[in-house]
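Descriptive structure summary
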Amino acid sequence: MEEKRILIFSITAFIKNVFSSLQYKNFRYFWLGQCVSLCGTWMQRTAQVWLVYTLTNSPFLVGLIGVSQFTPMLVFALFSGAIVERIAKKKVLLITQFLFMMQAVCLTVLMYTGHIHYIYVLILSAFFGMVQTFDMPARQSFFIQLVGSDHLMNAISLNSTITNLAKIIGPVLSGLIMVRYGVGVCFLLNSISFFAVLLSLICIKTTAETNNGMKEFHLLQEMKEGIIYIKGNKNLKFNVIFMAIICTFAMNLDVVVPVYANEVLQGGSGAYTSLMSAMGIGAMVGAIFMSARAAKGIKKNLFIISIMITLSAQVSMLAVHNYELAFILIAGIGFSNLVFMNMGNSIFQLNSDDMHRGRVMSVYSFLNQGSTPIGNFYAGTLMQHIGGRWGFPGCGIIAVFLVGVTCLFNKKELSLWLRN
C-alpha cells in the first residue's frame, strides 16, 4: 500500500511539473487556442508541400517554396524585433493571426476554383513568411507576460508540446484527408482553425505594456543596439553560433522528407505524412521531457548532446533504405531538435532584460527560421543534382564540419561557456 501511495505521489508530482504553467489563466487561454490552430497549420503545411511536389515533381522547386516563405524572416527579422517592442504583443498577435487566416482562405479559394498554380503558392508562401516575421518575436516575448520568469521554461516546453502534437496529428489528418477529399479540404480546415486562436487572444487580459522608456523611434539604431547587446552577453555568443549552424543545415526536413519518401522508400503521400508524424512523435516526447525538467533550469551540456544526436542520425540516414528504421531515426531527430530549440530559446530569454527581449527574440527568429532559405536552397539543390538519398547526410555532414571548426578554434571560451 505504501509503495502504491509513493507511486501515485510520484505520478502526481510529475504531472504537476509538466503542466505547472497552466496554473495561469491567460496562458491556458493561449495554449488551448494554439492546440486547435496549430493542428490546422500543420495540415496545411503538409498538404502544401505535397501539392507542390506533385505539381512540379521537382525537389528544387519544393525547396524554393521554403526559400520564399523564410526569406522575409532572413531580411526583416532583425527590424521586426525593434518594431514589436513598441507595440502591445497581444495586438500584434491578433493582427498576425488574422492575416495567417486570410492566407489560408486564399489557398482554399484557389483550390476550389481550379486556379491553383505553383507561382501562386510561391507568392502566398512569401506573404506567410512576412507575417511570421512579426508573429514569431511577438509570440516568444509574450510568454513571459503570461507566466512570469519562474515558469518561463515550462511555458516554452509546454507550448512546444502542443506544437509537436500538432506535427503528429496534422500530417496524419492531412494524409487521410488528401487521399479521401483532396488537398483543398486541408486548406479549408486550417482557415477555420484560426478562429480558436483569435478567440483565445481576445479572452486574454494583460496589463498595459510600456515602450521600455524609449521615447523616440530610430529603427536602425535600435536594431544595432540589440546586436551589440547580444555580442556583449557572453552567455549568448555560442548559443547564436550553434543555432545558426543547426537551424540552417540540419533542420530542412520539410524539403528532405517528401523527396526521401518518394525516391528512397518508393512511397507515396502515406509514407511522407507518416515520416513527418514520426518527427512530431519524437519532438512530442522531447517536449514532455523538457517540461518535466524545466525546474532544473538551463543545462548547456544537454544543448551540446542534442546537437550530437541530431547530426549523428542525419549522417546515418545515408545507409537507411527501409521504412521502419527511417521512422525511428527521424523520431530521434525530432526529439533532439526539440531539446536543442527549447534550450536555445530559454538561453535567449533568461539571459535578456525586458528592454532588449523583443530584439533578442527577433534574433532567435532570424536564426530559427530566417536561415531556412539558405538551408532549403542547399538541400533542394543537393537532392536535385545527386539524388534524394543525400538529403539527410548532405545536410548533416556540412553541419558536423562547421560545428567541429567552431569547437576547434574556441576551445577555452567554449569550456567556460559550458561551465557558466
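Residues numbered from 1 in each chain as written. Predicted model: local features only at pLDDT ≥ 70, side-chain atom pairs only at ≥ 80, totals over all residues. Heavy atoms only, no water.

1. Here we look at the overall build of the protein
A tally of helices and strands in the protein yields 17 helices and zero strands. Its C-alpha atoms give the protein a radius of gyration of 21 Å, within 12% of the compact-globule value 22 Å for 420 residues. C-alpha extents for the protein along the principal axes are approximately 60 × 50 × 45 Å. In the protein, buried positions account for 57% of the 420 residues. (Helix = DSSP H or I, 4+ residues; strand = E, 2+ residues; numbered from the N terminus. Rg over C-alpha atoms; globule rule 2.2 N^0.38 Å. Buried < 20%, exposed > 50% of the residue type's maximum accessible area, 1.4 Å probe, protein only.)

2. Observations concerning the UniProt feature "transmembrane region" (unreviewed entry) in the protein
Feature annotation in UniProt assigns "transmembrane region" (unreviewed entry) to the following positions: residues 60–80, 179–204, 240–260, 272–290, 302–320, 326–348, 360–378 and 390–409. What you have in residues 272–290 is 100% helix and 0% strand, and the ends, taken at the C-alpha atoms, are 27 Å apart. Helix makes up 79% of residues 302–320 and strand 0%, whereas the separation of the span's terminal C-alpha atoms amounts to 27 Å. (UniProt positions renumbered as here; feature names shortened; annotations may be inferred.)

3. Examining the pattern of salt bridges
For the coordinates displayed, the defined rule picks out one salt bridge. Linking R139 and D135 is a salt bridge whose minimum nitrogen-to-oxygen distance equals 2.7 Å. In this pair, R139 and D135 are both assigned in helix α5 (residues 118–147), four residues apart and thus about one turn of the helix distant. Owing to a relative accessible area of 14%, R139 belongs among the buried residues under this scheme. (Salt bridge = Lys/Arg side-chain N within 4 Å of Asp/Glu carboxyl O.)

4. Observations regarding helix α15 (residues 372–386)
Given 3.6 residues per helical turn, the α-helix brings residues three or four places apart onto the same face. Here α15 spans 21 Å end to end across 15 residues, near enough to the 21 Å set by a 1.5 Å rise per residue. Where α15 is concerned, the buried positions are T372, P373, G375, N376, A379, G380, L382 and M383. The positive-phi residue at the C-terminal boundary of α15 is G387, with phi of around 105 degrees. (Expected span 1.5 Å × (residues − 1).)

5. Comments concerning the packing of aromatic side chains
Within this structure, the stated rule accounts for 18 aromatic pairs. Relative to Y378, the ring of F249 has its centre 5.6 Å away and its plane inclined at 90 degrees; by these criteria the two rings are edge-to-face. A residue pair is termed long-range when its members are at least 10 positions apart, and F249 in helix α9 (residues 234–249) and Y378 in helix α15 qualify at 129 residues. Taken together, a centroid distance of 5.9 Å and an interplanar angle of 40 degrees make the contact between F289 and F335 tilted. Of this pair, F289 sits in helix α11 (residues 269–292) while F335 sits in helix α13 (residues 323–350), and the two are 46 residues apart along the sequence. By relative accessible area, which is 36% here, F289 ends up partly exposed. Judged by its relative accessible area of 28%, F335 falls in the partly exposed class. Ring pairs connect the aromatic residues F238, F242, F303, F340 and W417, which therefore count as one cluster. (Phe/Tyr/Trp six-rings, centres within 6.5 Å; stacked < 30°, edge-to-face > 60°.)

6. Some thoughts on the confidence of the model for the protein
Taken over all residues, the pLDDT of the protein has a mean of 82, while the share at 70 or more is 90%. When mean pLDDT is compared element by element in the protein, helix α4 (residues 89–112) scores highest at 94, while helix α1 (residues 2–18) scores lowest at 62. (pLDDT = per-residue confidence, 0-100.)

7. Structural notes on the domain arrangement of the protein
Domain annotation of the protein identifies domain 1 (24–204) and domain 2 (217–419). Listed as interface residues are 51 residues of domain 1 and, on the opposing side, 59 residues of domain 2. Contact with domain 2 buries surface across domain 1, with W50, L78 and M153 losing the most and accounting together for 15% of the total. Here domain 1 is connected to domain 2 by zero salt bridges. (Domains from an automatic or database assignment. Contact = heavy atoms within 4.5 Å. Buried area = accessible area lost by both parts, 1.4 Å probe.)

8. Side note on the environment of A271
Assignment of secondary structure puts A271 in helix α11. Considered as a pair, A271 and Y24 are 247 residues apart in the sequence and their alpha carbons are 40 Å apart.

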